[in-house]
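Below, each chain spelled out in residue letters.
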Amino acid sequence: IRQRAVTVLFQPIVTLPSSEVEAYEALGRGVYAGLPESPVELFDLAGALGPDVQAELSRLLRRRAVELARDHDKPLLLFLNTHPVDLETPALLESLQELRDAAPRLGLVLEIHESALAQPDIMSWLHGRLGEIGVGLAYDDFGAGQARLFELAEAPPEYLKFDRRFVTGIDSAPPSRQQLVRSLVAAVRELNAKPVAEGVETAAEAAACHGAGFMLAQGHHFGVPKGIAEV
């Protein structure tokens, strides 16, 4: 963290059915010799030093993403990840305001795991504060634990990313599963949130996701994570 030995790759999030790029998710990677590249492993190591260190690593990765993208020829829309400990620190909003000031041309969306919906009052407050500083909100991995539809209605985001278990093999899934996905997507759209299909690997899955009502999609079918020079 002191040496800022991290980088960020960018994976496209596209519109359906056109596959035009709407945004990029910023995916952090470590580049310090002798330490893992994987952010999951890095956060595990940081956790051994305490939650404050995990929060500091999370802020560093977001800051690095903005540094890399802010001078891009196009005004990009970036999805920036959080670690659960971010929501327990008052520095989160301050750090996002700093990013907003440092890169006014960038669109910024904060990704938060859907488990945070267990505290809808806090999420509703946070959504309001994010709106005040011009940062959007996305919930990630929707349905990985519970599909929290009631809480979602109390604190709706701009974007809702469906867990890949809804997407993998959707083109050949039983009709009952396909209908479930269509119903959930329709409910999300009723809340004026944009549903995003994560983990799309094939053209058949992409077509089925469009048929289910997804507005956006992400996955190796549309593009792998890549450096800013390739964006």
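Everything here concerns the structure above.
Quick look at the structure, then. Once a new chain begins, its residue numbering starts again from 1 and follows that chain's sequence as written. Residues qualify for local features only when their pLDDT is at least 70, as the model is predicted, and side-chain atom pairs are given and counted only at 80 or more; totals for whole chains, interfaces and linings, by contrast, use all residues. The basis for every side-chain value is the complete set of non-hydrogen atoms in the structure, without hydrogens or water.

Let's talk about the sheet that holds strand β2 (residues 21–30)
- Strand pairing is assigned whenever DSSP identifies at least 2 bridges connecting the two strands. For the purposes of this entry, the term helix denotes a DSSP run of H or I that reaches at least four residues, the term strand denotes a run of E that reaches at least two, and both are numbered from the N terminus. Spatially, eight strands are ordered β1-β2-β3-β4-β5-β6-β7-β8 in a closed barrel, and the strand pairing comes out mixed. Across the sheet, the mean angle separating the axes of adjacent strands is 30° when strand polarity is ignored.
- The pairing of β2 with strand β3 (residues 77–81) spans three bridges and is classified as parallel. Bridge assignment links Y24 to a residue of β3, and that residue is L78.
- The contact criterion used is simple: two residues touch if any of their non-hydrogen atoms lie within 4.5 Å. Where helices are involved, their axes are fitted lines through C-alpha atoms of the stretch in contact, as for all axes, and angles between N-to-C directions lie from 0 to 180°. Contacts between helix α3 (residues 91–102) and the sheet are confined to β3 and β4 (107–113), with β4 contributing the most and set at about 155° to the helix.
- The strands touched by helix α6 (residues 175–190) within the sheet are β6 (159–162) and β7 (194–197), with β6 carrying the most contacts at an inclination of about 165°.

Description of helix α7 (residues 203–212)
- Listed in full, the buried residues belonging to α7 are E205, A206, C209 and A212. Down the axis of α7, the sector holding all buried residues measures 125°, keeping them to one side. Among the exposed residues of α7, those pointing more than 90 degrees away from its buried face are A207 and G211.
- Looking at the buried residues of α7, the elements they touch are α6 and β7.
- Residue G213 follows α7 closely and has a positive phi angle near 105°. The buried label applies to any residue whose accessible area, calculated with a 1.4 Å probe on protein chains only, is under 20% of its type's maximum; exposed applies above 50%, and partly exposed to all values in between. As used here, the arc is the angular range of directions from the helix axis to the C-beta atoms.

A few points about a nonpolar patch on the surface
- Any residue with relative accessible area above 30% and no salt bridge may belong to a patch, with like charges joined within 9 Å and the nonpolar Val, Leu, Ile, Met, Phe, Trp and Tyr side chains within 5 Å. Here, Shrake-Rupley sampling with a 1.4 Å probe gives the accessible areas, and only protein chains in the shown set may cover a residue. Criterion for a salt bridge: a side-chain nitrogen of Lys or Arg within 4 Å of a carboxyl oxygen of Asp or Glu. Among the surface-exposed residues, Y32, L35 and L45 lie close enough to one another that they form a single nonpolar patch of about 280 Å² accessible area.
- Relative to the helices and strands, L35 resides in the loop between β2 and α1 (39–47).

A few points about the environment of E22
- When you line up the elements, E22 lands in strand β2.
- Taking the C-alpha atoms as reference points, E22 and I1, separated by 21 residues in sequence, lie 31 Å from one another.
- Here E22 is in contact with I13, V14, T15, L77, Y159, K194 and L216, once residues within four sequence places are set aside.

Describing the nonpolar core
- Residues belong to a common nonpolar core when they are buried Ala, Val, Leu, Ile, Met, Phe, Trp, Tyr or Cys residues joined through side-chain atoms within 4.5 Å. By size, the foremost hydrophobic cluster in this structure holds 53 residues, and its most contacted members are F10, L78, Y139, F162 and F214.
- When near neighbours in sequence (up to four residues on either side) are disregarded, Y139 contacts I112, E114, L117, M123, L152, A155, P157, Y159, L160 and K161.
- A23, L77, Y159 and L216 belong to the second largest nonpolar core, which has nine residues in total.

Some remarks on the environment of E198
- Tracing the chain through its elements places E198 in the loop between β7 and α7.
- Judged by its relative accessible area of 11%, E198 falls in the buried class.
- Other than its neighbours up to four places away in sequence, E198 contacts E25, D140, D141, K161, F162, D163, R164, V167 and Q218.

So, the pairing of β6
- Of the two faces of β6, the one lined by Y159 and K161 and the one lined by L160 and F162 are each fully buried.
- Strand direction decides the pairing type here: strand β5 (residues 135–142) and β6, joined by three bridges, are parallel. Bridging from a neighbouring strand, Y139 pairs with L160 of β6.
- Relative to β7, β6 runs parallel, the two sharing four bridges. Residue pairing for β7: K161 is matched across the bridge by V196.
- Every crossover in which the path from the first strand over the helix to the second runs clockwise, viewed with the strands pointing away from the viewer, is termed right-handed. The handedness of the β6 to β7 crossover, carried by α6, is right-handed.

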